[in-house]
Amino acid sequence: MPTITLQDIQQAAERLRDVAQLTPVLTSPELDERSGATVFLKCENFQRTGSFKFRGAYNAVSLLDASTAGRPVVTVSSGNHGQALALAARLHHRTAHVFAPGAMTERKRRAILSYGATVHEAPTRTAAEQGAQDLTAHGEAILIHPFNSREVIAGQGTCALELLDQRQDLDVLLAPVGGGGLLSGTCVAAHALRPCLEVYACEPNGALDALYSVREHRIVPMADPRTMADGLRSSLGPLTLEILERQLAGFFTVDEAEIVTALRFAVEDLRLIIEPSSAVALAPVLRGESCLRSRRVGVVITGGNIDSDLLCHVLAEGAPGGAR
């Protein structure tokens, strides 16, 4: 599979110009004092559809051949990518189908439907993937993979491209990892523009498939992920694994209590509504990791699509039972 280059990401940025939001970079004296670092938060919770996923979905749909006009797009997603693809499809005058494995929050379901897409519920990821495959098997629809796609990775890499233009003096960059699309695009952009910049993956202890995959140089699927960070329950793909193996500086792992602490800090001290996946990248900073101290640290806040009931529960009582 051809590699992804800085030029691919720059071209994606041009496609996204005046379509995606230029999201802000926020700072907090309290966060700096607590972490011992100078921290810059790239706030993709202010992106269209509430997460970075819009960047990749829009870039992928915009690159579809004109001869496919009228054919719907399809994906498997529990939320953010589904929302992003639904809006990207609407902007390109296409219909979209989202196969949702397992439980999906009502908030995300409503958002997908509001963009004109069709939601198909499936009891398991295997069933959802089969449903998507059935639609694409005979050319009826075009699959837009959530992360293992050159076009999606290039689009998601525009987040780091933007951040490095906004803050040109970063030493370290942190982002959460699920399927690895955002992190792969981040690595490509960062290493092309700032070869000495260290990029770290942040992953919940209940879903450490990316860490094991990179260590073992093969995809290690996580059959039963146990984390409230639902956006990080996916396993890496062949393309994302290859990039992360070469370019990651390392991993920070985070437990569920730390996710709760980071969510509370974001809401109560930063006045930011973020989702658990975003909190996974904030947690290592809050616990004062020694290798981050006295350095300039960028943190990608990946999204803000958290169910209001879950947020209220977390703020009042901590992680929900089972953290599934």
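Note that this is a predicted model, so its numbers are computed, not measured.

Caption draft 1: Representation of the packing of aromatic side chains in the model. According to the stated counting rule, one finds two aromatic pairs in the structure shown. Here the aromatic rings of Phe-54 and Tyr-58 are separated by 5.6 Å at their centres, their planes lie at 40°, and the arrangement is tilted. Residue Phe-54 and its partner Tyr-58 are located together in helix α3 (residues 53-62), separated by four residues, close to a single helical turn. Owing to a relative accessible area of 0%, Phe-54 belongs among the buried residues under this scheme.

Caption draft 2: Representation of the pairing of strand β2 (residues 38-43). Taken across its six residues, β2 has five buried, putting it largely inside the fold. The sheet contact formed by β2 and strand β10 (residues 296-301) spans six bridges and is parallel. By the bridge assignment for β10, Lys-42 is matched with Val-300.

Caption draft 3: Highlighting the packing of helix α12 (residues 256-268) against helix α13 (residues 276-286). Look at α12 against α13: their axes get within 8 Å of each other, and the N-to-C directions meet at 95°. Comparing the axis directions of α12 and α13 gives the class roughly perpendicular. Taking contact as the criterion, the partners of Glu-258, Ile-259, Thr-261, Ala-262, Leu-263, Phe-265 and Ala-266 in α12 are, on α13, Pro-276, Ala-279, Val-280, Leu-282, Ala-283 and Leu-286. Considering only residue class, the contact of α12 with α13 consists of eleven nonpolar, one polar and one charged.

Caption draft 4: Broad picture of the pattern of salt bridges. Following the criterion strictly, the structure yields 16 salt bridges and no others. One salt bridge connects Arg-55 with Glu-44, and the closest N-O pair in it is separated by 2.8 Å. Note that Arg-55 is positioned in helix α3 and Glu-44 in the loop between β2 and α3, a separation of eleven residues in sequence. Using a relative accessible area of 1% as the deciding quantity, one classes Arg-55 as buried. You can call Glu-44 buried: its relative accessible area is 0%. The salt bridge involving Glu-162 is made with Arg-55; its shortest N-O contact spans 3.0 Å. Taken together, the residues span a long stretch of sequence, with Glu-162 in helix α8 (residues 158-166) and Arg-55 in helix α3 at a distance of 107 residues.

Caption draft 5: Structural detail: the sheet that holds strand β4 (residues 96-101). Ordered by their spatial adjacency, four strands build an open sheet running β5-β4-β3-β6, and the pairing between neighbours is parallel. Taken across any chain shown, the strands that pair with only one partner, and hence form the sheet edges, are β5 (118-122) and β6 (142-143). Of the pairings in the sheet, the one linking strand β3 (residues 73-76) to β6 comprises two bridges and is parallel in character. Along β6, the bridge assignment pairs Val-74 with Leu-143. Where helix α4 (residues 80-91) meets the sheet, it contacts β3 and β4, and its direction lies at approximately 175° from that of β3.

Caption draft 6: Representation of a negative patch on the surface within the structure. A contiguous patch of negative charge, built from Glu-30, Glu-33, Glu-268 and Asp-269, is present on the exposed surface. Mapped onto the elements, Glu-33 comes out in helix α2 (residues 29-35).

Caption draft 7: Structural view of the side chain of Ser-35. Within the element layout of this structure, Ser-35 appears in helix α2. Ser-35 gets classed as buried once you look at its relative accessible area, which sits at 2%. A polar contact is formed between the side chain of Ser-35 and the backbone oxygen of Asp-32, at a distance of 3.3 Å. If we ignore the near neighbours within four places in the chain, the residues touching Ser-35 are Val-285, Gly-288 and Arg-293.

Caption draft 8: Here's a closer look at the sheet that holds β2. Strand order in the open sheet made by the six strands is β1-β2-β10-β7-β8-β9, with mixed pairing throughout. Here the strands that pair on one side only, and so sit at the sheet edges, are β1 (25-26) and β9 (250-254). Alignment of strand β7 (residues 172-176) against strand β8 (residues 198-204), held across five bridges, turns out to be parallel. Residue Pro-176 lies in a different strand from β8, and its bridge partner there is Cys-202. The sheet strands contacting helix α9 (residues 181-193) are β7, β8 and β10, and the helix crosses β8 at an angle near 170°. Across the sheet, helix α10 (residues 209-216) touches β8 and β9, and the angle it forms with β9 is around 150°.

What counts and how
Residues numbered from 1 in each chain as written. Predicted model: local features only at pLDDT ≥ 70, side-chain atom pairs only at ≥ 80, totals over all residues. Heavy atoms only, no water. Phe/Tyr/Trp six-rings, centres within 6.5 Å; stacked < 30°, edge-to-face > 60°. Helix = DSSP H or I, 4+ residues; strand = E, 2+ residues; numbered from the N terminus. Buried < 20%, exposed > 50% of the residue type's maximum accessible area, 1.4 Å probe, protein only. Pairing = 2+ DSSP bridges. Axes fitted to C-alpha atoms, helices over the stretch in contact; angles between N-to-C directions. Parallel < 35°, antiparallel > 145°, perpendicular 65-115°, else oblique. Contact = heavy atoms within 4.5 Å. Nonpolar A, V, L, I, M, F, W, Y, C, P; charged D, E, K, R; others polar. Salt bridge = Lys/Arg side-chain N within 4 Å of Asp/Glu carboxyl O. Patch = residues over 30% accessible without salt bridge, like charges linked within 9 Å, V, L, I, M, F, W, Y side chains within 5 Å. Areas by Shrake-Rupley, 256 points an atom, 1.4 Å probe, with all protein chains shown as cover. Lys, Arg positive; Asp, Glu negative; His and termini not counted. Charge placed at Lys NZ, Arg CZ, Asp CG, Glu CD. Polar contact = N/O pair within 3.5 Å; in protein donor to acceptor, adjacent residues only side chain to side chain.

These values are about where atoms sit, not about what they do.
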